[in-house]
Amino acid sequence: MEPARGGCRVALAGEYPAPSVTLTFYNTLTRRPEPFTPAEPGKVRMYHCGPTVYRRPHVGNFRAFLFADLLRRVLERRGFEVQQVMNVTDVGHFTQEDEDRGEDRMEMESRLTGKDPWQISREITELFESDMARLRAKKPMVRPRATDHIPEMLQMVDTLLAKGVAYRAGAGGQNIYFSVNAFDRYGELSGNRVEALEAGARIEVNPEKKHPADFALWKSDPKHIMKWKSQFGEHGFPGWHIECSAMARKYLGDTLDIHTGGEDLVFPHHECEVAQSEAATGRTFVRTWMHVQFLKVDGGKMSKSLGNVYSIDDVVARGFEPRHLRFLLLRAHYRAPLNFTWDAMTDAKGAIDRLASFLWDVKSCVIKGAAPGVDEAIAKARAGFDAGLDDDLNTAAATAAIFELVTDVRAKAGAPMKLSRAQAEAISQLLDEFDAVFDILTPEPLSDVERTEVESLVAERQSARARADYARADEIRKILTEKRVIVEDSKDGVRWRRM
Ligand code: AMP
Ligand code: ZN
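Please read all numbers here as calculations on a predicted model, not as lab measurements.

*Asks:* Looking at this structure, how should I read the coordination of the zinc ion (ligand 2)?
*Replies:* Geometrically, a metal with four donors at the corners of a regular tetrahedron has ideal angles of 109.5 degrees, and one with six donors at the corners of a regular octahedron has ideal angles of 90 or 180 degrees. Distances from the zinc ion (ligand 2) to its protein donors, namely Cys49 (SG), Cys244 (SG) and His269 (NE2), fall within the range 2.1 to 2.2 Å. For Cys49, a relative accessible area of 8% corresponds to the buried category.

This is the structure:
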């Protein structure tokens, strides 16, 4: 059946044939929005830089990780088969300062906490996976760990040496660097050209490097706890960038359709990935690069000293559900500024509640003749929702279209709401599609404490009704509705269930 645009027959997710829809994505590489077409029709290969598992991911990290989930859902909604990989970095993540100190983040955390880096990695990976599940991120096809892919990395380092774009340095030639001067396109992604990097280099440049922007592919250090024996020596470990190049290639092939990460990764991480991968394979590494703007917290950077590096547990401890955070992070366009505050969390929660009670009212509306103007409002909302998501995942526009529908229908269909069956179904379908992308409308299962609370409210409502205090009974029904609890009165008594 042909999905109709607007009106009562609304297309279901997955009914869209991919070629008829044009998705536009902003490509960091070309610095402009481009129509998206994967290399192989109908199939998308995408890779996301995942967490460095030295500390529990914070709300900022989840902006980047949930963007990956959003992208997948939007692609799937448009009928693409998506092969999605998000790695876990459990060794070798140096920042520039770390590199000078010769310590990666895992080892730094190990020094600070006294824990074994392998144990840190296991614990944080588990937390990351459960946090992602709580945030309703779909599981990627693979979540490869860097430490499980050392042979693939070493093989790529060998290839780069054989091609003369990498060199050995240090005692016994145990440190291997990529030579940025040997790769013409170095700097194309970030706009940092090699000459400018040289001019801007700090004085204390690592003397082993031929050029200050050269970066480590493999390093040697007997003091490093996570280390491997290789053709380059006894105590080596990989550089950070080579990990993603090797893992992406293993699971997705030489050319990826999409690669994502936070904006801080454009340089040096992604610039270096391009250089290594393209130098090694001779093929385009990534066709579309997408980067998420950094989340701010209270208007600034997160920091331990400010105590604002929030995890999901901090969010839940304040009385929110993970889906409230999910919505806060997803409803702003991924390239727009976004500020995390507790007020913004309250606002996100309020918006979800408004939408859920609207859906409830639609589902329990009085079926009458078609409410005038509602068909048009549905058509407008659908068009706005589709256009928003297809336009570089503009979730702000897509969400606004849905909330406009809420206002329009409430204004036109009265209270209690009166709609035709077709109108009610069309609205429900559109909200189902909204939720197939945003996944925020289903509440968390009730905890034992909440269950007891609901049961006592239901009992209180019963006794209010028994003494003919209908005002109080109604009030309680309202409270229960806010908790997404439906009370059903039948001749067998009262039952309640989750909306
Ligand atoms: P890391 O664990 O530091 O390797 O970071 C994992 C991912 O989170 C990367 O894609 C980062 O760019 C991203 N990220 C880190 N901080 C933020 C933030 N405040 N907002 C958005 N993304 C972030
Ligand atoms: Zn990466």
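Right, picking up where we left off after that structure.
*Asks:* Just to check I follow, could you spell out the sheet that holds strand β9 (residues 233-238) for this structure?
*Replies:* Consider a sheet: its strands pair through backbone hydrogen bonds, and that pairing is either parallel or antiparallel. An order of β5-β6-β7-β9-β8 is seen for the five strands of this open sheet, with the pairing classed as antiparallel. Every interior strand has two partners, whereas the edge strands, β5 (166-169) and β8 (228-230), have only one. With direction set aside, neighbouring strand axes in the sheet form an average angle of 35 degrees. Pairing of β8 with β9, which is carried by two bridges, proceeds in the antiparallel orientation.

*Asks:* Quick question: what am I supposed to make of unusual backbone geometry here?
*Replies:* Excluding glycine, most residues fall at negative phi; most peptide bonds, likewise, are trans. Of note, the bond from Phe267 into Pro268 is cis; its omega dihedral lies within 30 degrees of zero at 0 degrees. Take Pro268: it is sitting in helix α8 (residues 266-281). Cis geometry is found at the peptide bond from Ala415 to Pro416, where omega equals -5 degrees. Inspection of the secondary structure puts Pro416 in the loop between α13 (395-413) and β15 (418-419). Positive phi values are uncommon outside glycine, yet Arg136 reaches one of about 65 degrees. By secondary structure assignment, the location of Arg136 is in the loop between α4 (117-134) and α5 (150-162). You will see that Asp298, though not glycine, has its phi angle at about 50 degrees, which is positive. Tracing the sequence through the fold places Asp298 in the loop between β12 (295-297) and α9 (312-317).

*Asks:* What's the story with the domain arrangement of the chain in this structure? I'm lost.
*Replies:* Accessible area lost upon the coming together of the parts serves often as the stated size of an interface. Splitting the chain by domain gives domain 1 (1-37 + 345-444), domain 2 (38-292) and domain 3 (448-498). If you look at the interface, domain 1 gives six residues, while domain 3 gives four residues. For the pairing of domain 1 and domain 3, the buried interface totals around 500 Å² over both sides, and the portion due to carbon and sulfur atoms is 61%. Scanning the region where domain 1 abuts domain 3 turns up zero salt bridges. Viewed at the interface, domain 3 and domain 1 are joined by one residue pair in polar contact (both at pLDDT 80 or more).

*Asks:* Please explain the nonpolar core as it appears in this structure.
*Replies:* Within soluble globular proteins, side chains that are nonpolar generally end up buried alongside one another. Ranked by internal contacts, the top residues of the largest apolar core, which has 133 residues, are Leu75, Phe340, Leu419 and Ile427. Here this core gets eleven residues from one element, more than from any other, and that element is helix α1 (residues 59-77). Here this core spans two domains, and each of domain 1 (1-37 + 345-444) and domain 2 (38-292) adds at least three residues to it. Once residues within four sequence positions are removed from consideration, Phe340 is found in contact with Val59, Leu295, Lys296, Val297, Asp298, Tyr310, Val315, Leu325, Leu328 and Met345. Listed in part, the eight residues of the second largest apolar core include Leu446, Val454, Leu457 and Val487.

*Asks:* Would you mind going over helix α10 (residues 322-330) with me for this structure?
*Replies:* Helical geometry note: an α-helix holds 3.6 residues per turn, so side chains three or four residues apart project in the same direction. Within α10, nine of the nine residues are buried, leaving the element largely enclosed by the surrounding structure. Among the residues of α10, Pro322, Arg323, His324, Leu325, Arg326, Phe327, Leu328, Leu329 and Leu330 are the ones counted as buried.

Conventions we followed
Residues numbered from 1 in each chain as written. Chains lettered and ligands numbered in written order. Predicted model: local features only at pLDDT ≥ 70, side-chain atom pairs only at ≥ 80, totals over all residues. Heavy atoms only, no water. Donors = N, O, S within 2.8 Å, 3.2 Å for Na, K, Ca; no water. Buried < 20%, exposed > 50% of the residue type's maximum accessible area, 1.4 Å probe, protein only. Pairing = 2+ DSSP bridges. Helix = DSSP H or I, 4+ residues; strand = E, 2+ residues; numbered from the N terminus. Axes fitted to C-alpha atoms, helices over the stretch in contact; angles between N-to-C directions. Domains from an automatic or database assignment. Contact = heavy atoms within 4.5 Å. Buried area = accessible area lost by both parts, 1.4 Å probe. Salt bridge = Lys/Arg side-chain N within 4 Å of Asp/Glu carboxyl O. Polar contact = N/O pair within 3.5 Å; in protein donor to acceptor, adjacent residues only side chain to side chain. Core = buried A, V, L, I, M, F, W, Y, C linked by side-chain atoms within 4.5 Å.

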